[in-house]
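# Overview (structure and organization)
Below, each chain spelled out in residue letters.
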Amino acid sequence: MIKFGVEECPASLQCGPNEVAYKDKKDCCPKCVPEAAVCTVYGDPHYKTFDGQSFSFQGKCKYTAVEDCHKKNKRFDVQLRNDARKSAHFTWTKSVAIRTEKFRIVLLQNLHVRVDRKTVKLPHVKLGAFSILSNGYSLVVRTTYGLKVTWDGDSYVEISLPHEFRNKVCGLCGNYNGNATDDFVIKGTSTVTEEVADFAQSWLVSRKSDAAKCLMPDTEMPGSEARPRLGRNIPCPSHPLKKGLAVLRSCQVFKNSATRACRKLVNPDPYYRSCLVDMCDCPRKRPCLCSSLLAFLRECERQGGSGENIRESHCRALS
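Throughout, residues of each chain are indexed from 1 in the direction in which the sequence is written. Selection of residues for local features in this predicted model requires a pLDDT of at least 70, selection of side-chain atom pairs for listing and counting requires 80 or more, and totals for whole chains, interfaces and linings are taken over all residues. To obtain the side-chain values, all non-hydrogen atoms of the structure were used and water was disregarded.

Another aspect to go through is a positive patch on the surface. To count toward a patch, a residue needs a relative accessible area above 30% and no salt bridge. Like charges then connect within 9 Å, nonpolar side chains (Val, Leu, Ile, Met, Phe, Trp, Tyr) within 5 Å. Note that accessible areas follow from Shrake-Rupley with a 1.4 Å probe, and for residues the cover is restricted to the protein chains shown. Just to be clear on terms, a salt bridge is a Lys or Arg side-chain nitrogen sitting within 4 Å of an Asp or Glu carboxyl oxygen. Note that His is not counted, nor are the chain ends; the positive residues are Lys and Arg, and the negative ones are Asp and Glu. In plain terms, the charge of a residue is placed at NZ if it is Lys, CZ if Arg, CG if Asp and CD if Glu. Taken together, Arg81, Arg104, Arg114 and Arg117 make up a surface patch of like positive charges. Its relative accessible area of 32% is what places Arg114 among the partly exposed residues. Burial here depends on accessible area, computed with a 1.4 Å probe over protein chains only, as a share of the maximum for the residue type. Under 20% is buried, over 50% is exposed, and the range in between is partly exposed.

Put into structure tokens, the structure is as follows:
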């Protein structure tokens, strides 16, 4: 045992699953704390909050994904700009803006980056503040206080926060309090709503008068009455049956043997439904399947699984 004053610290700390060792400045010994929580945004924007709540919202303006809710000592916020994909139904995350106490970082399409309105080359590091690194397929921004943002240069966003921010954040990514049922808090209030549109629109960054212009019609889901009875379980009801069958075949990856191991760790249903929605109205040459698949595989990897081979075979650019 190593002694520090009157407190004895174990020579080695064994933490449980989904825990990491952490030592606060005011503590003598490290302790086990929950791993960093992750909020994921992908596709026609589908969201999975820090506490695991899944929802979809097709607004086409700028929204607050997460912010430090301390009014006096606000350290950061992350905003997403959504844009229509040449479609009446489909929007996507076009860019990500990260505001810290002293800097503004904007992650753009095709892995371009601006810091304080100036384009920068990567890697880009500000000592004592943040770093921006690229592996050629995605960007990773890390701040000194633990905020981590991953961006694939197209529409996939991953926001990670350490446990110190539990109960201290708000936005579309929820309040990070361990309870998924109270994530839909209207901005500026303590009101929890069941209406996704009301919740999401309250986090609109644009002028409130623009709110109506920002809403998009709900995207089609399987089960619509638009098809004859025999085709009602086929997606894309306003498209030819051939289109719906092609979408089913593409999204079957979430149910076939390729993802069997990951399905034991992660429920694929939200990602499968997202795939069906996104593929129905997907513009040509966009990797709409890959967005949902990447979100599913990343969650699988966080739970201890491996998705590398699946990414390599289905979405090479996401490897």
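What follows continues from the structure just given.
Glancing now at the packing of aromatic side chains. Only centres within 6.5 Å qualify two rings of Phe, Tyr or Trp (six-membered ring in Trp) as a pair; their planes then separate them into stacked at under 30 degrees, edge-to-face at over 60, and tilted for everything else. On inspection of all chains with the given rule, the structure shows 13 aromatic pairs. Within the aromatic cluster, the residues linked to one another by ring pairs are Tyr42, Phe254, Tyr271 and Phe296. Arg75 extends its terminal NZ or CZ atom over the ring of Tyr145, reaching a point 5.1 Å from the ring centre. Charge-over-ring contacts are defined here by two conditions on Lys NZ or Arg CZ: a distance within 6 Å of the ring centre and an angle within 35 degrees of the ring normal.

pLDDT expresses how confident the predictor is about each individual residue, on a scale running from 0 to 100. Summarising the model, the protein chain shows a mean pLDDT of 85, and 88% of its residues fall at 70 or more. By the criteria applied, helices consist of DSSP H or I runs no shorter than four residues and strands consist of E runs no shorter than two, each listed in order from the N terminus. Across the protein chain, element-level confidence peaks in strand E11 (residues 104-107) with a mean pLDDT of 98 and bottoms out in strand E1 (residues 2-4) with 50. Residues are treated as being in contact if the distance between any of their heavy atoms lies within 4.5 Å. In this model, residues 220-231 is a region of pLDDT below 50 whose contacts with residues beyond four sequence positions or in other chains number 27 contacts.

With that settled, consider the pattern of salt bridges. One pass over the structure, following the stated rule, counts nine salt bridges. Across the pair Arg75 and Asp68 runs a salt bridge whose closest N-O atoms are separated by 3.8 Å. Of the residues examined, Asp68 reaches a relative accessible area of 4% and is grouped as buried. Close ionic contact of Glu299 with Arg302 constitutes a salt bridge, the shortest N to O distance being 2.8 Å. Note that Glu299 and Arg302 are positioned in helix H6 (residues 288-302) at a spacing of three residues, about one turn of the helix. Taking the relative accessible area as the measure of exposure, Glu299 reaches 12% and is therefore buried. It is possible to trace a salt-bridge network through shared partners that takes in Lys48, Glu158, Arg298, Glu299 and Arg302.

As a general point, the strands of a sheet are linked pairwise by backbone hydrogen bonds and lie either parallel or antiparallel. Taken together, eight strands build an open sheet; the order of strands is E7-E6-E5-E18-E17-E16-E15-E14 and the sheet is antiparallel. Each edge of the open sheet carries a strand with a single partner, namely strand E7 (54-56) and strand E14 (124-126). With direction set aside, neighbouring strand axes in the sheet form an average angle of 15°. Where strand E16 (residues 139-143) meets strand E17 (residues 148-151), four bridges bridge the pair, whose relative direction is antiparallel. Following DSSP output, two strands are said to pair if at least two bridges run between them. For helices, the axis comes from a line fit to the C-alpha atoms of the stretch in contact; other axes are also lines fit to C-alpha atoms, and the angle between any two N-to-C directions lies between 0 and 180 degrees.

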